[in-house]
Amino acid sequence: MLKILTILYSLIISSRNFLYNKKILASYKASIPIICVGNATVGGNGKSPIVIKIAQDLKAKGYQPVILSRGYGGKVAGPYILKNHDLPSSVGDEPVMLSRATGCPVVISRKRVAGAKLIESEVLGNIIIMDDGYQHRSLERNLNILCFDVSSEEAITLATNETLLPVGRLRERLSAAIQRCHLVILNSRKNEFSTLDQTKLCKLFAKLPIYETRLVTQGLINLASTEKQSISTGKVVLVSSIAKPEGFKETVLSNGFQVAKTFFYPDHYELTDREIKLVRQDFPDLPIICTSKDAVKIQGKSLDANIWELKTELQFKESSPDWITYCVA
């Protein structure tokens, strides 16, 4: 049954791409440049840190970037401009995290064209960063970025086995995705750059610029005091609801901590004080560590003073790409 569904899914995606390639289906061209950060496989490719890095780089050069997000997991369909008081349960956890990390305006819209038009009409900025919009072809973009997780052999295999959903993890054929790609980023979701064999993956993008990144630990922030502090390395408990949390665990271990237990929930799961109390039943005194994406959901919902956000920063193996050069090339 899954194989039959995969064949049907492949026919639908291939037909859709054909219609867009032949201009039978129209794409909206915005009046300002659009950088799209996306992936060919589902979940956990490290797009959010890249979006944050691009926004920071653009702001440092005097641009006014606006982030366009679907708001996955939230109730708001949009188009809607994120407000400071908005909750992750309403607008999605990633938009709130991206807003706090960058200070940029964030627009939520399941229909990306409507979101782009709102950004234009409200003059919210002069360049759009579209998060997770690679397959949303109704909106033209100046720079298409494909992200791949290279933190594990399993992740590399899943990206190169050319098996589509629901049997595999590919959203579309890699050959089709490559045709629209301008730049490839290979993400290590750990403190160190990947040392795994990426030859097969790199061969697929032989004619494209390829960049390698890693997530460098910046420290721990207490959710109660919102200050960066240090805690003694020892036993900790991990609570998280992100895709592929194994990289998060390995990062914590690489910083000298011992993980007593992990409480991992599905991606975008709404963490509340209920989950924290569940941890405290067995581990009343151990520090709890979560990711930045989890922190926006837990903060303000739990009175526990021993919860810590692991702050990380994306780092390129070489210097960061000149995003604007790619946009106008």
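In this text, all values refer to a predicted model and were calculated from it rather than measured experimentally.

How should I be thinking about the overall build of the protein in this particular structure?
Secondary structure assignment for the protein yields twelve helices and 13 strands. Whereas a compact globule of 329 residues would reach a radius of gyration of roughly 20 Å, the protein reaches 20 Å, a difference of no more than 12%. Overall, the C-alpha framework of the protein stretches about 60 × 45 × 45 Å when taken along its three principal axes. Accessible surface computed for the protein: about 15400 Å², of which carbon and sulfur atoms make up 54%. Placing the 42 positive and 32 negative side-chain charges of the protein at their respective mean positions leaves the two points 6 Å apart.

I keep staring at helix H9 (residues 246–254) and nothing clicks. Help me out?
Note on helix geometry: an α-helix contains 3.6 residues per turn, so any two residues three or four positions apart are oriented the same way. Of the residues making up H9, those classed as buried are Gly-247, Phe-248, Thr-251 and Val-252. Projected down its long axis, H9 shows its buried positions confined to an angular sector of 140 degrees, all on one face. In this fold, the buried residues of H9 make contact with strand S8 (210–222), strand S10 (235–240), strand S11 (258–264), strand S12 (288–290) and strand S13 (307–316). One or two positions beyond H9, positive phi appears at Gly-256, with a value near 95 degrees.

Help me understand the nonpolar core in this model?
Across soluble globular proteins, nonpolar side chains show a tendency to be buried alongside one another. Counting residues in hydrophobic clusters, the biggest one holds 33 residues, and the most contacted among them are Ile-35, Val-37, Ile-54, Leu-58, Ile-145, Ile-185 and Trp-323. Sort the elements by how many residues they give to this core and helix H2 (residues 47–60) lands first, with six residues. In this structure Ile-185 touches Ile-50, Ile-145, Leu-146, Cys-147, Phe-148, Tyr-211, Thr-213, Phe-316 and Trp-323, once residues within four positions along its chain are discounted. Of all hydrophobic cores here, the second largest spans 31 residues; its members include Ala-40, Leu-118, Ile-156 and Ala-177.

The rules we used
Residues numbered from 1 in each chain as written. Predicted model: local features only at pLDDT ≥ 70, side-chain atom pairs only at ≥ 80, totals over all residues. Heavy atoms only, no water. Helix = DSSP H or I, 4+ residues; strand = E, 2+ residues; numbered from the N terminus. Rg over C-alpha atoms; globule rule 2.2 N^0.38 Å. Areas by Shrake-Rupley, 256 points an atom, 1.4 Å probe, with all protein chains shown as cover. Lys, Arg positive; Asp, Glu negative; His and termini not counted. Charge placed at Lys NZ, Arg CZ, Asp CG, Glu CD. Buried < 20%, exposed > 50% of the residue type's maximum accessible area, 1.4 Å probe, protein only. Arc of directions from axis to C-beta. Contact = heavy atoms within 4.5 Å. Core = buried A, V, L, I, M, F, W, Y, C linked by side-chain atoms within 4.5 Å.

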